[in-house]
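The primary structure of each chain is shown beneath.
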Amino acid sequence: MASLIETVNNIFHIITDWLLIILGVLLIVVASRAIDVNIVKYGVIAVGVGLAVAGFWFRYSRMKKKHKPRS
């Protein structure tokens, strides 16, 4: 039973990490193409970069933890 819960938890983490990355990239694209007010545009781009970086960081940290040899 624990194995099933761990598998579902890992799948959930993978999906949320990639959703963060995709949402961040979409915010960057939409802000750079559709927002005309510079202050707002740069604020939304900063939020998009923050989300994408957070997604990459979570993904990297989980991959690193997964491949870490146990002692």
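Going by the structure above, here's the rest.
Residues numbered from 1 in each chain as written. Predicted model: local features only at pLDDT ≥ 70, side-chain atom pairs only at ≥ 80, totals over all residues. Heavy atoms only, no water.

This part covers the overall build of the protein. Check the secondary structure of the protein and you find two helices and zero strands. Within the protein, the fraction of its 71 residues that count as buried is 13%. In the protein, of all internal contacts separated by at least 6 residues, the share reaching a separation of at least 24 is 59%. (Helix = DSSP H or I, 4+ residues; strand = E, 2+ residues; numbered from the N terminus. Buried < 20%, exposed > 50% of the residue type's maximum accessible area, 1.4 Å probe, protein only. Contact = heavy atoms within 4.5 Å.)

The terminal C-alpha atoms of helix H2 (residues 38–66) lie 42 Å apart, and with 29 residues this matches the ideal 42 Å at 1.5 Å per residue to within 8%. Turning to H2, its buried residues are Lys41, Gly48, Ala52, Gly55 and Arg59. (Expected span 1.5 Å × (residues − 1).)

Attention now goes to the pattern of salt bridges. In total, this model carries two salt bridges according to the counting rule given. Taking the shortest distance from any N to any O, the salt bridge between arginine 62 and aspartate 17 comes out at 2.7 Å. A residue pair is termed long-range when its members are at least 10 positions apart, and arginine 62 in helix H2 and aspartate 17 in helix H1 (residues 2–34) qualify at 45 residues. What makes aspartate 17 buried here is its relative accessible area of 2%. (Salt bridge = Lys/Arg side-chain N within 4 Å of Asp/Glu carboxyl O.)

All right, on to the environment of glycine 48 then. Looking at where glycine 48 falls in the secondary structure, it is placed in helix H2. Along the backbone, glycine 48 and valine 30 are 18 residues apart, and their C-alpha atoms lie at a distance of 9.7 Å. When residues no more than four places from it in sequence are discounted, the contact partners of glycine 48 are Gly24, Leu27 and Ile28.

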